[in-house]
Amino acid sequence: MPSISSDLPRTLIIQLARLGDLLQSLPALFSLREQYPNQIFDLLCPQPLVVLGELFPGIQQTIPWNGEDLHDLAKGWDGTLTQGYSQTAEYFSRFSANPYSVAYNLNNHPRSILAAHLFSERVVGAGDFGPLNERRPPWVDYLRQVACDRGDNRLHLADVFCGICGVRPPVVLPSLEPPDLELPVDIGRIVSNASLVKIGIVLGAGDADRRVPVGIWKELIEACAEHLPNCVCVLIGGPGEREIAMAIENHLSAIYLSRILNCVGRTSLPELAHIFNRCQWVVGSDTGPLHLAVACGTRVIGWYFSRARVHETGPYGGGHYVWQHQGVDHFENKGITPLNHEPKLPCSWPVVETVELIQGQGNIKGVSEWELWTSHRDDWGAFFMNGERSDSLVSQRKKVWEQLAGLSSKQYLELPQQTSNAGCLL
Amino acid sequence: MNLFQKNVELLRRQDPALAAQILQTAGGILSIQTAKSGVPTAVTNNRTIHSAYDPLSEAERWADHQIENCQSGETLVVLGLGLFYHVEALRAKLPQDTVLIVVMPNLSELVDGLSVRSLDGWGERVCWVWGQAESLASKVAHQAKRIRLLTYEPALMIHQKEYETFRSQLRDQLAKGVSGRLHIMVVGPIYGGSLPVAGYMVRALEALGHRVSWVDHSLHAPGYQNLNSLKDDRLRMTVQQRFSDTLGVISLAHVAEDPPDLVLAMSQAPLSMAVLEQMRRKKVLTAMWFVENFRHLTYWQQMIEGYDFWFVMQQAPCVEAFKNAGASHVSYLPLAADPTLHQPVTLTREDQLELGSDVSFLGAGYRNRREILPFLLEKEWSFKLWGNEWDRAGVLASVLQRNGARIDTQTSVKIFNATSVNVNLHSYTGSGFDPDGDSVNPRTFELASCGAFQVIDHRSLLPEIFDESMMAIVRTPDELVPVVRKYFHEPELRRVMAEESRKRVLHSHTYAHRMQTLLSTIGLACPDRIGSILQGDRQAEALLARSQDCPELQTLLKTFPKTDRVELVDLANAIRQKNPETQLKREELLILMMDEYRQEKRDFL
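Cut-offs applied
- Residues numbered from 1 in each chain as written.
- Chains lettered and ligands numbered in written order.
- Predicted model: local features only at pLDDT ≥ 70, side-chain atom pairs only at ≥ 80, totals over all residues.
- Heavy atoms only, no water.
- Helix = DSSP H or I, 4+ residues; strand = E, 2+ residues; numbered from the N terminus.
- Domains from an automatic or database assignment.
- Contact = heavy atoms within 4.5 Å.
- Buried area = accessible area lost by both parts, 1.4 Å probe.
- Polar contact = N/O pair within 3.5 Å; in protein donor to acceptor, adjacent residues only side chain to side chain.
- Pairing = 2+ DSSP bridges.
- Axes fitted to C-alpha atoms, helices over the stretch in contact; angles between N-to-C directions.
- Buried < 20%, exposed > 50% of the residue type's maximum accessible area, 1.4 Å probe, protein only.
- Arc of directions from axis to C-beta.
- Core = buried A, V, L, I, M, F, W, Y, C linked by side-chain atoms within 4.5 Å.
- Salt bridge = Lys/Arg side-chain N within 4 Å of Asp/Glu carboxyl O.
- 1 Å grid on protein atoms, 1.4 Å probe; cavity = no way out; pocket = protein on both sides within 12 Å on 5 of 7 lines; lining within 4 Å.
- Points joined across faces, edges and corners; volume = space filled by probe spheres on them.
- Nonpolar A, V, L, I, M, F, W, Y, C, P; charged D, E, K, R; others polar.
- Phe/Tyr/Trp six-rings, centres within 6.5 Å; stacked < 30°, edge-to-face > 60°.
- Parallel < 35°, antiparallel > 145°, perpendicular 65-115°, else oblique.
- Left-handed = near helix turned anticlockwise from the far one by under 90°.

*Asks:* Help me out: how do you make sense of unusual backbone geometry in this one?
*Replies:* A negative phi angle is the norm for most residues apart from glycine, just as the trans form is the norm for most peptide bonds. One non-glycine residue, A:Glu369, adopts positive backbone phi at about 75 degrees. The residue A:Glu369 is located in the loop between helix H16 (351–359) and strand E12 (370–378) in this model. For B:Glu389, which is not glycine, the phi dihedral falls at a positive 60 degrees. Here B:Glu389 shows up in the loop between strand E15 (383–386) and helix H17 (409–418).

Here is the structure:
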């Protein structure tokens, strides 16, 4: 881990969860920067995601949280307590030279809470009542409640992160600046070819139940090849998805093989950002790479099924589409907590309809089991509409913000709206 | 002054008595030769003690290998002397303050070495301990608690017996000073004869003050045995194997949930090699007490590398067989009794009527018993036969009690107490007595612990446990009836002998004794883990004494009673008990953080 040495007061943002959560934290970072333009911001994130954190605009230093190191340190306490303590204290001493003036903690996990208090005496977000105090701040409590029982929540996770940090959703749509990298020759040749329509297909998912079957991906690739001239489907995934990509290649008819570019397991996160930046569309389930594509300014079409829900983790910003499977609402309508049940998986998939969206067709037919949502943004953050008109729940977001921030409507009205300096809520 | 005299003078400064003894001792154990490299090497009984090519390089390699495991604060004790190249190499690699002891049960070997090798420059920084094995153990135990034994095998073989005695004496000496509390996970079998022993083991360990987690797989016995309804043998065995494998994974989950210092498995415990390998990967120490006849049940051969420590109830042939098969640590550990269960009891009139007899036998219907016991019928005494597996009992059917039902521990204790002459024949699948019979069955200890008189068949390991003042020993089946008759008519002699046998059990042969021996054996082999815990190194008082460099830790440690064992989890739990509003100090946050990672189990199964 790098040492920290600066005399300037600094702020630390802590996000120790997975890729998707880190990207959903981007709006909070933007809002904090808007609110505190003279502040220095550092980011604490899992070690494998540091390369991505380094692309976050305005982050001076990205500090890796190395779980493996810490696990080994903990094992060291099995020998002798005093030795274990000495080694741990030495490991963390590199962080203590210059504590942060404030740590914004976005995870309600004991490790994250403890890390926040180790880095700063002032913690905002999860754990701000102290590491032993089970009391949670309103926004953190809301998030936990939504995780247990989604109800009619319409607040986007990224906006709740803003709330946790005590700021409004950002005025400027957050985005990453992908680095200009030299890609492997075969990949670089295709993604740099401006005459091709590149459609990224995100094969993987952190949880197995969010994976789209191989046969469906094959159908989508064939449909794209048939209906979109000059299109190339760019297969995206980590090393764990290599077999899926190979299975797709094996199942595809030879005439379509020239219409795919297999990048699975061959790219780092910055390279992936570079590729997404050159894609016209990206299709995938609710995964970290899909949100990376969003952050890179690429339009996405999400297939949200299993436990994924558009209103919470849909693509942030305008112009994106989400096909929401009805399986989730199926449970909610019966008042059953979906997290405690096996999700209902789709029997059919919106393959042709996705291609039609890419083609820009305005009049998409309904698909059995699925609803089409479009992404939007207003003063209260991201929201999604099914059809032309937003439902009443969308407008209720303002009340939720008022309640959670402990402010009256009047106070809210007095806050600056969509200015260059977003209002501080807490 | 020649080399020998210079060496003796150097030793005189450390131990005048040793120097004097050396001058009165003749050498000649080692035959000194010149190695290819030009330095002296040694041979005894046609076996080379050091390399014939380059003893110095060989000693360097030995020392490098030994030093890998050594921890600071340990006293290193070298067994095996030779020309002490290895001692010199080790001394050179150790920090100045590390105590290095060389144990010498025979000074002739030293005399040979002093004639050709110089101690100058290093010998004064070695503690040369000499004498009989028993006194050597006392001297070493007196000097240090955290002891790591290092063996130089080629030289150790010269006085192997003396070193073995030293080792067991040292183990017993150290066991006396044990104050630390271990967390031991006992994994028992699904069913069978070793199941009650697992229970006795648990009680003994608890009585010794250790924290015991018993993974009792007998709870799953009905399900396992229900699979016997499958008619296809191959299918049944496959399903039962998978059932057993699942129980192994359940054991692993228990280990993950509450990691013990030691997993102690009983014979037939359903731990597969895959499970044991995973435990090893996770640095969980494992031991198996194999209370079976190694010649009859041979599955140990497939499991031999799975356990760090094996304890067996048979001596040399068994220990050798296990070592040859690849076991790194094998120790003899006979069975025992649990005097809180196996004890004299006063019987009710009804019990005496049902369970009492002049002569009885309790046990399963093995072939030799079926052939020998009928000779006890139709004599001047009443005879009762107890136990199961007596189908087609023939003439014995008339004396078989409770239709051959399995007899539980409580009832067996009553039967032992209610019988004048208890016949104890070890099981054997052939005729007569087992000619290779060595180990002593649990019934021997249980009868003795009950203060019950027994007539027992001879076993080669019996004399070191009990003698003929404690029980009647028969060497051939023909002796059985005359010996039973003799003692049947000698009630006072029976009483005296039985009382002696009970005293012997209480003094040396309870499961508590066995567990003490087992733990101190492991402690001696793992001084930095089990050994240090047993010696109290993890207790608050000892931790406080060693935490001079961590004053912030001292404040926390002072909140624990001095003799409490304190681990990371205990510190973390103590912090979590604080008022929720408390602002934690940095060290407290670090402890809680480490405890979070300690609990991580994501890759355990």
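*Asks:* Which parts of the structure should I look at to understand the domain arrangement of chain A?
*Replies:* Quite often, the size of an interface is put as the accessible area lost when its parts meet. Residues and elements named next belong to chain A. Domain parsing of chain A yields domain 1 (10–164) and domain 2 (185–385). One C-alpha centre belongs to domain 1, the other to domain 2; they are set 29 Å apart. Across the boundary between the two partners, domain 1 contributes 24 residues, which contact 26 residues of domain 2. Together domain 1 and domain 2 conceal approximately 2,000 Å² of surface at their shared face, both sides included; 58% is due to carbon and sulfur atoms. Of all residues in domain 1, Arg150, Arg154 and His156 give up the largest surface area on contact with domain 2, accounting jointly for 32% of the area buried on that side. Between the two partners, domain 1 and domain 2, sit 5 residue pairs in polar contact (both at pLDDT 80 or more).

*Asks:* In this structure, what is going on with the sheet that holds strand E16 (residues 419–424) of chain B? I would like to understand it.
*Replies:* Sheets are built from strands that pair by backbone hydrogen bonding, the pairs being arranged parallel or antiparallel. Residue and element names in this part refer to chain B. Strand order in the open sheet made by the 5 strands is E15-E14-E16-E17-E18, with parallel pairing throughout. For this open sheet the edge positions go to E15 and strand E18 (472–474), each flanked by a neighbour on one side alone. Averaged over all pairs of adjacent strands, the angle between strand axes in this sheet comes to 20 degrees, irrespective of strand direction. For strand E14 (residues 357–362) and E15, the ladder comprises 4 bridges, and the chain directions are parallel. Among the inter-strand pairings, phenylalanine 361 is bridged to a residue of E15, identified as leucine 385. Relative to E16, helix H19 (residues 480–488) is tilted by about 155 degrees, and along the sheet it contacts E14, E16, strand E17 (454–457) and E18.

*Asks:* Mind showing me how you'd approach H19(B) here?
*Replies:* Note that an α-helix has 3.6 residues per turn; residues three or four places apart therefore point the same way. Residues and elements named next belong to chain B. Among all positions in H19, only Leu480, Val481, Val483, Val484, Tyr487 and Phe488 are buried. Mapping the buried residues of H19 onto a view down its axis gives an arc of 165 degrees, with all of them on the same face. Tucked into the core, H19 has its buried residues touching E14, helix H16 (367–372), E16, E17, E18 and helix H20 (491–508).

*Asks:* Help me understand the nonpolar core, please; the structure alone is not making it clear to me.
*Replies:* Generally speaking, nonpolar side chains in soluble globular proteins are found buried as a group. By size, the foremost hydrophobic cluster in this structure holds 72 residues, and its most contacted members are A:Leu52, A:Phe56, A:Leu176, A:Ile275, A:Phe276 and A:Leu292. In this structure, this core is formed jointly by two domains, domain 1 (10–164) and domain 2 (185–385) of chain A, each of which donates at least three residues. Beyond its immediate stretch of four places on either side in the chain, A:Leu52 contacts A:Leu19, A:Leu22, A:Leu23, A:Leu176, A:Leu269 and A:Leu292. Residues B:Ala204, B:Leu262, B:Val291 and B:Ile533 belong to the second largest nonpolar core, which totals 47 residues.

*Asks:* Where do I start with the pattern of salt bridges in this structure?
*Replies:* Once their charged atoms are close, side chains differing in charge can pair, the charge on each being opposite to the other. Residue and element names in this part refer to chain B. This model, assessed by the stated rule, comprises 41 salt bridges over all chains. The shortest N-O distance in the salt bridge between aspartate 351 and lysine 414 comes to 3.1 Å. Of this pair, aspartate 351 sits in helix H15 (residues 349–355) while lysine 414 sits in helix H17; the two residues are 63 residues apart in sequence, bridging distant segments of the chain. You can call aspartate 351 buried: its relative accessible area is 17%. A salt bridge links aspartate 595 to arginine 598; the shortest N-O distance between them is 2.6 Å. Linking aspartate 595 with arginine 598, this pair stays in helix H26 (residues 586–598), spanning 3 residues, or about one helical turn.

*Asks:* Looking at this structure, I do not really get empty space enclosed by the protein. What am I missing?
*Replies:* Sizing a probe to match a water molecule and rolling it over the atoms shows the empty space that remains. Residues and elements named next belong to chain A. Under the defined criterion, the tally for this structure stands at 4 cavities of 30 Å³ or more. Roughly 110 Å³ of volume is contained in the largest cavity. Lining the largest cavity we find Leu23, Gln24, Leu26, Pro27, Pro174, His291, Val294, Ala295, Gly314, Pro315 and Tyr316. Elements supplying a minimum of two residues to the lining of the largest cavity: helix H1 (19–24), helix H2 (26–35) and helix H13 (288–295). The biggest single contributor to the lining of the largest cavity is H13, with 3 residues. Among the residues making up the lining of the largest cavity, the classes are represented as 8 nonpolar, 3 polar and no charged.

*Asks:* I would appreciate a short explanation of the environment of B:Gly80 in the present structure.
*Replies:* Residue and element names in this part refer to chain B. Note that glycine 80 resides in the loop between strand E4 (75–79) and helix H4 (85–93). Under the relative-accessibility criterion, glycine 80 is labelled buried at 0%. Excluding its chain neighbours within four sequence positions, the residues that come into contact with glycine 80 are His86, Tyr152, Ala155, Leu156 and Tyr163.

*Asks:* Mind showing me how you'd approach the interface of chain B and chain A here?
*Replies:* Counting residues at the interface gives 34 residues for chain B, matched by 33 residues for chain A. For the pair chain B and chain A, the two sides together bury roughly 3,000 Å², of which 65% comes from carbon and sulfur. For the chain B face of the interface with chain A, the top three residues by lost area are B:Met593, B:Met594 and B:Tyr597, together amounting to 23%. For the pair chain B and chain A, the number of links is 1 salt bridge. Across the pair A:Arg111 and B:Glu600 runs a salt bridge, and its minimum N-O distance is 2.9 Å. Where chain B meets chain A, there are 8 residue pairs in polar contact (both at pLDDT 80 or more). Here the side of chain B that touches chain A gets 11 residues from one element, more than from any other, and that element is H26(B). A per-class count over the side of chain B that touches chain A returns 17 nonpolar, 3 polar and 14 charged.

*Asks:* What exactly am I supposed to notice about the packing of aromatic side chains here?
*Replies:* Describing an aromatic ring pair means giving the distance of the ring centres and the angle of the ring planes. All names here are of chain B. Overall, the coordinates contain 30 aromatic pairs over all chains when judged by the stated rule. Taking the centre distance of 5.2 Å and the plane angle of 35 degrees together, the rings of tyrosine 200 and tyrosine 511 count as tilted. Highlighted residues: tyrosine 200 in helix H9 (residues 194–207) and tyrosine 511 in helix H21 (residues 511–525), separated in sequence by 311 residues. By relative accessible area, tyrosine 200 is classed as buried at 6%.

*Asks:* I'm lost on the packing of helix H1 (residues 3–14) of chain B against helix H5 (residues 107–116) of chain B in this one. Help?
*Replies:* Helix-helix packing is described using two parameters, namely the angle between the two axes and the distance between the axes. Residues and elements named next belong to chain B. Relative orientation of the contacting elements H1 and H5 amounts to 120 degrees, with a least axis distance of 7 Å. By the angle between their directions, the pair H1 and H5 is classed as oblique. In the crossing of H1 with H5, the sense of the turn from one axis to the other is right-handed. Between H1 and H5, the residues in contact are Leu3, Phe4, Asn7, Val8 and Leu11 and Leu110, Val111, Leu114, Ser115 and Val116, respectively. Among the residues forming the contact of H1 with H5, the class breakdown is 8 nonpolar, 2 polar and no charged.

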